[in-house]
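Architecture at a glance
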Amino acid sequence: KLPGRFGTGMTLEYEIMDNPKSRLPPKEWGRMVAVIAQGAAWQFKGWQQRYSNPAELFDRTYGYFIGMDGAPIPNELKGWNVKVGRINRDKRGMDSVTCSSFWNGLDEWMLIHKPEYLPRATRI
């Protein structure tokens, strides 16, 4: 649970899973709100049809990629609607900035694209 999200003091619970193709029943795929991209389309092999194409997937979900400072962004990723966060090998104390960037970005995305999942006081 993530307490105090959206400034309401209410909690919002996200279910985090490593591999939705083996854990998510077909009728539940619409509940997916975010995907951490590894930077290659093969990551989505075997996913349900509407979710196996990265360009379509990231039109339906909040996409995020975490890369190392100084490392190039994978070419495949450049055509996807994915936000990029960076971590530094030598400044691991700054990982929290990337973590906050992910959660703040997801909050904003949810307000616009999936308000039906938010506590009632935050819907627009």
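Residues numbered from 1 in each chain as written. Predicted model: local features only at pLDDT ≥ 70, side-chain atom pairs only at ≥ 80, totals over all residues. Heavy atoms only, no water.

**Details of the pattern of salt bridges**
- Scanning the entire structure with this criterion turns up four salt bridges.
- Two residues, Arg31 and Glu15, come together in a salt bridge whose shortest N-O distance is 3.0 Å. Here Glu15 lies in the segment before helix H1 (20–23) and Arg31 lies in the loop between H1 and strand S1 (34–37), a separation of 16 residues in the sequence.
- Salt bridges here are not isolated pairs; linked through shared partners, they connect Glu15, Glu28 and Arg31. (Salt bridge = Lys/Arg side-chain N within 4 Å of Asp/Glu carboxyl O. Helix = DSSP H or I, 4+ residues; strand = E, 2+ residues; numbered from the N terminus.)

**Let's talk about the nonpolar core**
- In this structure, Met32, Val35, Phe44, Trp47, Leu57, Phe58 and Trp80 are the most contacted members of the largest nonpolar core, which totals 14 residues.
- Listing elements by their share of this core, those giving two or more residues are S1 and helix H3 (54–60).
- Discounting residues that sit within four places of it in the chain, Leu57 has contacts with Met32, Val35, Phe44, Trp47, Arg50 and Tyr51. (Core = buried A, V, L, I, M, F, W, Y, C linked by side-chain atoms within 4.5 Å. Buried < 20%, exposed > 50% of the residue type's maximum accessible area, 1.4 Å probe, protein only. Contact = heavy atoms within 4.5 Å.)

**What to know about the packing of aromatic side chains**
- Under the criterion given, the structure shown has eleven aromatic pairs.
- Centre to centre, the rings of Phe44 and Phe58 are 5.8 Å apart; their planes meet at 80 degrees, and the pair counts as edge-to-face. Placement of Phe44 in the loop between S1 and helix H2 (49–52) and of Phe58 in helix H3 is noted, with a sequence separation of 14 residues between them.
- By relative accessible area, which is 0% here, Phe44 ends up buried.
- Relative to Phe102, the ring of Tyr64 lies with its centre 5.3 Å away and its plane at 75 degrees, an arrangement referred to as edge-to-face. (Phe/Tyr/Trp six-rings, centres within 6.5 Å; stacked < 30°, edge-to-face > 60°.)

**Focus on the sheet that holds strand S3 (residues 82–87)**
- Taken in spatial order, the three strands make up an open sheet running S1-S2-S3, and their pairing is parallel. Both edges of this open sheet fall to S1 and S3, since each of them pairs with a single strand only. Each strand of the sheet is rotated relative to its neighbour by a mean of 25 degrees, with strand direction disregarded.
- When strand S2 (residues 62–68) meets S3, the two strands line up parallel, connected through six bridges. Each bridged residue has a counterpart across the sheet, and for Gly67 the counterpart in S3 is Arg86. (Pairing = 2+ DSSP bridges. Axes fitted to C-alpha atoms, helices over the stretch in contact; angles between N-to-C directions.)

**Structural notes on the pairing of S2**
- A large share of S2 lies buried, amounting to six of its seven residues.
- Examined bridge by bridge, S1 and S2 share four bridges and lie parallel to one another. Of the residues in S2, the one forming a bridge with Ala34 is Tyr62.

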